[in-house]
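For reference, the chains in residue letters:
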Amino acid sequence: MRRTVFNEDHEAFRETLRAFIEAEVVPVYDEWFAAGQAPRDFYYKLAELGVFGIRVDEEYGGAGIDSYKFEAILYEETARAGVSFGGSGVHVLLGLPYVKLLANEEQKKRYLPKFVSGEEMWAIAMTEPGTGSDLAGMKTTAKLSEDGTHYVLNGSKTFITGGVHADQMIVCARTDSPSAEDRRHGISLLVVDTKSEGYSIGRKLDKLGLKTSDTAELAFVDVKVPVENLLGEENKGFYYLGHNLASERWGIAYGAYAQAKAAVRFAQQYVQERVVFGKPVAHFQNTKFELAACKAEVDAAEAVADRATEALDAGELTPAEAASAKLFCTEVAHRVIDRCLQLHGGYGFMNEYPIARLYADNRVNRIYGGTSEIMKSIIAKDMGL
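(A) Representation of the overall build of the protein in the model. Along the backbone of the protein there are eleven helices and ten strands. Rg of the C-alpha trace for the protein: 21 Å, near the compact-globule value of 21 Å for 385 residues, within the 12% margin. For the protein, the spread of C-alpha atoms along the three principal axes comes to 80 × 50 × 40 Å. Counting all 385 residues of the protein, 52% fall into the buried class. Look at the contacts in the protein between residues 6 or more apart in sequence, and 75% of them connect residues 24 or more apart. For the protein, the exposed area adds up to about 17900 Å²; of that, 52% sits on carbon and sulfur atoms. With 43 positive and 55 negative side-chain charges, the protein shows a separation of 6 Å between the mean positions of the two kinds.

Structure follows, in structure tokens:
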């Protein structure tokens, strides 16, 4: 099926990225998988490749290309190779939009050059042990000091991707109590240096999938955060979170589509090589029908993912459209990857085969960034229901 979303520059980047993955990631990926995270030094290699600076303005050391299409290629190529870049995805997809949208000029000069170089890795801490998707229910507090020079941060967060390697953490905290009319009022976004006194990393969480992604629990005990580290305006954090959730959900949708496409590739290769009852598994009618059905679903997901990418680049991707793309692509990926694993038989259950890792990695797509049930609620509300 002909695609129009990428041009020659994108395809040149794809070739460079594919070669980089083959040389720098594939040979050591099993070591990362066993260790439960990618090494911190790897992120400097990504920075040298230019991955972190694509959407950063040139004056701060970036390429100044205001497009998510290069990140889309990153999703496709890592999935194609059956690998990931660890927790670095949140650095660009989640961290950068907040800095670009909210940081003042002084903050951009302070943060962005180190962001681009990989000297400082970023992540965002939203979820708390007792809140889950209910961000308005967060309990972490940031109280302004009497002299007005800093906030005092107390609380905890969990499921924080990139939480082990992060140097700067965007922490969502309550700077005011919720009002009777709006429980979302009172949340602010603070940039917290992870070396600050009172800031601690708890358990590195042992997850079902995404084994190379460093995901952690965080705790804050009287952490002093300079007022100069406030992103945007006080008490408007929930609005900012809602604004950037569209790009986050696009990333999950596109990543899920890329995983589904990769699953079909892995299964097609396997059934052509695997011989049972004297002939390749690919020769059986059921195999052909299953892969054909999977291919059709992936084609549909590709169209949805591409359309969402164009809308995001144009600044026109609405929250409901992002929710729809995430719901559709993640549900397609769930079905396709499961069927492709089935075609591998018992070998599909072995972690040495990429389809097994893909199966485990994919499961969280229907949970984080808002569950499928939350996506349905957003879509229904947009329909006036």
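Structure shown, so let's carry the discussion forward.
(B) Representation of the pairing of strand β4 (residues 168–174) within the structure. Buried residues dominate β4, accounting for seven of its seven residues. The alternating pattern of β4 places Gln-168, Ile-170, Cys-172 and Arg-174 and Met-169, Val-171 and Ala-173 on opposite faces, both of which are buried. Summarising the sheet, strand β1 (residues 122–125) and β4 pair through four bridges and their orientation is parallel. The partner of Ile-124 across the bridge, within β4, is Ile-170. The pairing of β4 with strand β5 (residues 187–193) spans seven bridges and is antiparallel. Within β5, the position partnered with Cys-172 by the bridge is Leu-189.

(C) The arrangement of the pattern of salt bridges in detail. Inspection of every chain in the model, using the stated rule, returns 27 salt bridges. Residue Lys-157 is joined to Glu-128 by a salt bridge in which the shortest nitrogen-to-oxygen separation is 3.0 Å. With Lys-157 in strand β3 (residues 150–161) and Glu-128 in the loop between β1 and β2 (141–144), this residue pair connects regions lying 29 residues apart in the sequence. Taking relative accessible area as the criterion, Lys-157 reaches 1% and is therefore assigned buried. For Glu-297, the salt bridge goes to Arg-339, with nearest N and O atoms at 3.6 Å. You can see Glu-297 sitting in helix α8 (residues 285–313) and its partner Arg-339 sitting in helix α9 (residues 319–344), a full 42 residues away along the chain. For Glu-297, a relative accessible area of 17% corresponds to the buried category. According to the relative accessible area criterion, Arg-339 is partly exposed, its value standing at 22%. Linked by salt bridges that have partners in common, Arg-3, Glu-11, Arg-14, Arg-18, Glu-76, Glu-77, Lys-261, Glu-302 and Asp-306 make up one network.

(D) Quick peek at helix α7 (residues 237–273). With 37 residues, α7 ought to run about 54 Å at 1.5 Å a step, and its terminal C-alpha atoms sit 53 Å apart, in line with that. Leu-245 marks the point of greatest bend in α7, at about 35 degrees.

(E) Structural view of the packing of helix α1 (residues 8–24) against helix α4 (residues 69–81). In the contact formed by α1 and α4, the axes pass within 10 Å of each other and the chain directions differ by 35 degrees. Where α1 crosses over α4, the handedness of that crossing is right-handed. Facing α1, whose interface residues are Asp-9, His-10, Phe-13, Arg-14, Leu-17, Arg-18 and Ile-21, α4 presents Lys-69, Phe-70, Ile-73, Leu-74, Glu-76, Glu-77, Thr-78, Arg-80 and Ala-81. Split into classes, the residues belonging to the contact of α1 with α4 amount to seven nonpolar, two polar and seven charged.

What counts, and at which threshold
- Residues numbered from 1 in each chain as written.
- Predicted model: local features only at pLDDT ≥ 70, side-chain atom pairs only at ≥ 80, totals over all residues.
- Heavy atoms only, no water.
- Helix = DSSP H or I, 4+ residues; strand = E, 2+ residues; numbered from the N terminus.
- Rg over C-alpha atoms; globule rule 2.2 N^0.38 Å.
- Buried < 20%, exposed > 50% of the residue type's maximum accessible area, 1.4 Å probe, protein only.
- Contact = heavy atoms within 4.5 Å.
- Areas by Shrake-Rupley, 256 points an atom, 1.4 Å probe, with all protein chains shown as cover.
- Lys, Arg positive; Asp, Glu negative; His and termini not counted.
- Charge placed at Lys NZ, Arg CZ, Asp CG, Glu CD.
- Pairing = 2+ DSSP bridges.
- Salt bridge = Lys/Arg side-chain N within 4 Å of Asp/Glu carboxyl O.
- Expected span 1.5 Å × (residues − 1).
- Bend = angle between axes of the 7 residues up to and from the residue.
- Axes fitted to C-alpha atoms, helices over the stretch in contact; angles between N-to-C directions.
- Left-handed = near helix turned anticlockwise from the far one by under 90°.
- Nonpolar A, V, L, I, M, F, W, Y, C, P; charged D, E, K, R; others polar.

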